[in-house]
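Residues per chain are reported as follows:
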Amino acid sequence: MKKNKTNSKIIGEESQMDRRNFIKLGSLGVTVMITWPLLSSCNGFASKNDNKTNPYFQADVDIELTAKEAKIQLFPGSKTNVWMFDANLKSGDKTALQKFGESYLGPVIRVKKGQKIRIRFKNQLPEESIVHWHGMHVPEKDDGHPKDVIGNGETYIYEFEIMNRAGTYWFHPHPHGRTGPQVYNGLAGLFIVTDDEEQQLKLPSGEYDVPIVIQDRQFDDNNQLVYLNRGRMDRMNGFLGNRILINGNPDGELSLQSGCVYRLRILNGSNSRFYKLAWEDGSPLVIIGKDGSLLDSPISKPYVILGVAERMDVWLDLSNKPQGSRMIMKSLSFSPGMMGMMRNYKIS
């Protein structure tokens, strides 16, 4: 039976937000400096990745992941210069790698608990970089620590077994002092894990399992990304953009099928901004997962505050929605005083 289409749209509140409050919301961040001691191993200091695969590591999934410069047509006129991950599946189930389509974001890597994965990260950027697997339980050498950065033309090989529970994770660069601008320029993707426990629940899958990355960005008159235009103040407090992008596109509209049930995996991929997400019509948000795992049971909330790098899985039932209806998810305005109840966090 052919399904009818229902539009679902996610928009930002910034166009309706008082500019003074907009600035105020961006001025409450806290800068936290974390340092690491030198890590040692039984053979002395931890060594650099030797750029060789382990012949005894039998990978179920083998991916080539390249960070590179690109130009994307986001707006009429000049193309936007971005940095992006380009991925190629060398071996493994073809469902292990999913792209966002015409977007600078991605890819989406989908694996199962217990699988062994090899990722060959190639750096084609004009500066050093390394990839961190946010929320994943991996050996120290595979964590993407700033000490392991590689330069242009170099390769870093990750080999690890998936030990996490089913959940929504993500990956991004992690060089010291350059994580913020590299993520802002476009380097981010989702890392989705499933397991036997989750598969027994028969949750929406395939085209009904929808990744959504929310980011705020600022562009100049030539469609180029603007970052830290207030210099030191933005470095201290966190930089806020004035445009909301969904999955790397300024028009965040999804075409969904009426009569179906969806799982929306939402990541706050912004550098500093928090979101107060709610359905415009007042329908409750039905949350089935948060950050790295599923909840014991679904919970319904009028809104959810989503901090930087946080994820939530939303159950969206369109079985009673008529053809042509629209559901709009908004980022609601909130008092800066609410920030005291949140975890201060920013990508820097």
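Residues numbered from 1 in each chain as written. Predicted model: local features only at pLDDT ≥ 70, side-chain atom pairs only at ≥ 80, totals over all residues. Heavy atoms only, no water.

### Examining the overall build of the protein
When helices and strands are counted, the protein shows four helices and 22 strands. Taking all 348 residues of the protein together, the buried fraction comes to 51%. Nonlocal contacts in the protein, meaning residues at least 24 apart in sequence, comprise 77% of its contacts between residues at least 6 apart. Surface accessibility of the protein: about 17,000 Å² in total, with carbon and sulfur atoms responsible for 49%. (Helix = DSSP H or I, 4+ residues; strand = E, 2+ residues; numbered from the N terminus. Buried < 20%, exposed > 50% of the residue type's maximum accessible area, 1.4 Å probe, protein only. Contact = heavy atoms within 4.5 Å. Areas by Shrake-Rupley, 256 points an atom, 1.4 Å probe, with all protein chains shown as cover.)

### With respect to the sheet that holds strand β5 (residues 80-91)
Strand order in the open sheet formed by four strands is β5-β4-β8-β10, with mixed pairing between adjacent strands. At either end of the open sheet lies a strand with only one pairing partner, and these are β5 and β10 (155-161). Each strand of the sheet is rotated relative to its neighbour by a mean of 20°, with strand direction disregarded. As defined by bridge partners, strand β8 (residues 116-123) adjoins β10 across seven bridges and the pair is classed as antiparallel. Counted as the bridge partner of K122 is T155 from β10. (Pairing = 2+ DSSP bridges. Axes fitted to C-alpha atoms, helices over the stretch in contact; angles between N-to-C directions.)

### A closer look at the nonpolar core
Among the nonpolar cores identified, the biggest contains 31 residues, and I109, I117, I119, W133, Y158 and F191 are the most heavily contacted of them. Elements with a minimum of two residues in this core: β4 (61-72), β5, β7 (108-112), β8, β9 (131-134), β10, β11 (167-173) and β12 (189-194). The biggest single contributor to this core is β4, with four residues. In this view, W133 contacts L65, I109, I119, D142, D143, Y158, F160, W170, F171 and F191; residues no more than four positions away in its chain are not counted. Membership of the second largest hydrophobic core comes to 24 residues, among which are I212, C260, Y275 and V314. (Core = buried A, V, L, I, M, F, W, Y, C linked by side-chain atoms within 4.5 Å.)

These values are about where atoms sit, not about what they do.
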